[in-house]
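Per-entry structural report
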Amino acid sequence: MRYRLLTAAFAATAALNIAGPVQAAELEVTHWWTSGGEAAAVAEFAKAFDASGHKWIDGAIAGSGGTARPIMISRITGGDPMGATQFNHGRQAEELVEAGLMRDLSDIAEEGKWREVVHPSSLLDSCTLDGKIYCVPVNIHSQQWLWLSNAAFEKAGVPVPTNWEEYAAAAPALEEAGIIPLAVGQQPWQTTLAFQVLLTAIAGPDAYTKIFGEKDADLAAGEELAKVFEAAAQARSMSAKSNVQDWNQATNMVITGQAAGQIMGDWAQGEFQVAGQVAGKDYTCLPGLGVNEVIMTGGDAFYFPVLDDEEKSAAQADLAKLMLSPEVQVAFNLKKGSLPVRGDVDLEAANDCMKKGLEILAQGNIIQSPDQLMSADSLTQINDLFVEFFNNTSITAEDAQKRFVDLVANAD
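Within the structure shown, the criterion is met by 23 aromatic pairs. Look at Trp-33 and Phe-302: their rings are 5.7 Å apart centre to centre, the planes differ by 65°, and that puts the pair in the edge-to-face class. With Trp-33 in the loop between strand S2 (26-31) and helix H2 (36-51) and Phe-302 in strand S13 (residues 300-303), this pair connects stretches of sequence that are 269 residues apart. By the burial criterion, Trp-33 is buried, and Phe-302 matches it. Each member of the aromatic cluster is reached from another via a ring pair, and the members are Phe-195, Tyr-208, Phe-212, Phe-229, Phe-386, Phe-389, Phe-390 and Phe-404.

Turning next to the sheet that holds S2. On the basis of which strands lie adjacent, the open sheet formed by 5 strands has the order S3-S2-S4-S13-S7 and mixed pairing. Bordering the open sheet on either side are strand S3 (55-60) and strand S7 (135-137), each of which pairs with just one other strand. Strand-to-strand twist in this sheet, taken as the mean axis angle between neighbours without regard to direction, amounts to 25°. By the bridge criterion, 4 bridges tie strand S4 (residues 84-88) to S13 in an arrangement that is antiparallel. Residue Phe-87 lies in a different strand from S13, and its bridge partner there is Ala-301. On the sheet, H2 packs against S2, S3 and S13 and is oriented at approximately 155° with respect to S3. Where helix H17 (residues 310-323) meets the sheet, its contacts fall on S2, S3, S4, S7 and S13, and the angle it forms with S2 comes to roughly 55°.

With that out of the way, let us pick up the nonpolar core. With 131 residues, the main nonpolar core has Trp-164, Phe-212 and Phe-404 as its most contacted residues. Contact partners of Phe-404, with chain neighbours within four places excluded, come to Phe-195, Ile-211, Phe-212, Ala-220, Phe-229, Ile-382, Leu-385 and Phe-386. Counting 6 residues, the second-largest nonpolar core is a separate cluster that includes Val-330, Leu-334, Leu-347 and Ala-350.

Thresholds applied
- Residues numbered from 1 in each chain as written.
- Predicted model: local features only at pLDDT ≥ 70, side-chain atom pairs only at ≥ 80, totals over all residues.
- Heavy atoms only, no water.
- Phe/Tyr/Trp six-rings, centres within 6.5 Å; stacked < 30°, edge-to-face > 60°.
- Helix = DSSP H or I, 4+ residues; strand = E, 2+ residues; numbered from the N terminus.
- Buried < 20%, exposed > 50% of the residue type's maximum accessible area, 1.4 Å probe, protein only.
- Pairing = 2+ DSSP bridges.
- Axes fitted to C-alpha atoms, helices over the stretch in contact; angles between N-to-C directions.
- Contact = heavy atoms within 4.5 Å.
- Core = buried A, V, L, I, M, F, W, Y, C linked by side-chain atoms within 4.5 Å.

Below you can see the structure in the form of structure tokens.
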């Protein structure tokens, strides 16, 4: 059965109101969604949960996942757990699960037939350890996108590019028109994201998976990766005058035409939406940089720390079920710019860019996210390398590639 968007999440919340919770409870939910588009999306979860009779206590932590995760982990390990907390799909919460600090959701998943409705199955696999399910995947977020300002290219007198090569070739004309070719913020993960997207587009999805998943250091040292590092050096030059910190500030540079483009995940769509911009008219999106069109099947998931309070534990179960309900999946993901994890929902209101993503997903052109393939410690080391590379022009592409090879060889 396929569900169609009617009026956001009202059908789901109405059903919950009729049944009513056994005992209403307040539940603190921590996350790092603080930009305009993100706040609009998480508000859909809060609205639906509040309508069920419980109370959502928002625990937003500014500064992206890199800032928020250590705070979340410290609270959980320090005996001050929240009711639910965001992590990305993958291995970020692995040690907390192994320590017995995260709630086993297997019974809830079995009741809701999550194995049948969550697509692709790798999303739920990333929530599974020793056969037990410990998290609720809520969206599919792919970082494999290039977002372009149509107005910026019109001002520069060049056509809107259709691929990375055309985009890089337009950089001189953009700079001459006073436009920054590429907006990149200073958060560490942004430069690594740009590199990973370049790797997948230029060297191909198989190369990406072998390097991050199989830790293939020989491939990382080869000629195909040398081309990727040359492109990364191009990106560094194109973004030299981009002096913002947060990813959404970089997105705003594209929205306002100060910058021509940004390599960023599909969560950027939420910012364009809040700004009232229309896909295909005001901005253009190129999945896979217009070279290799793939969807990365990472995204966001919620974990539920083990609590002693029975009422709060019951509220956790209600929230877990609600997050995967068809109507709430639609309402949340339309605001977030991401794709739903349920394979049985129909996003009639999807814009042009979301439709492109859905088509790629339907074709099965998918790769796993770095968090699903490599440990958090190894990814942090790679983040550090690219922060240094993008901020220090004395580091050549060749030197960066050699250091990257060592990191891949020693990764877990």
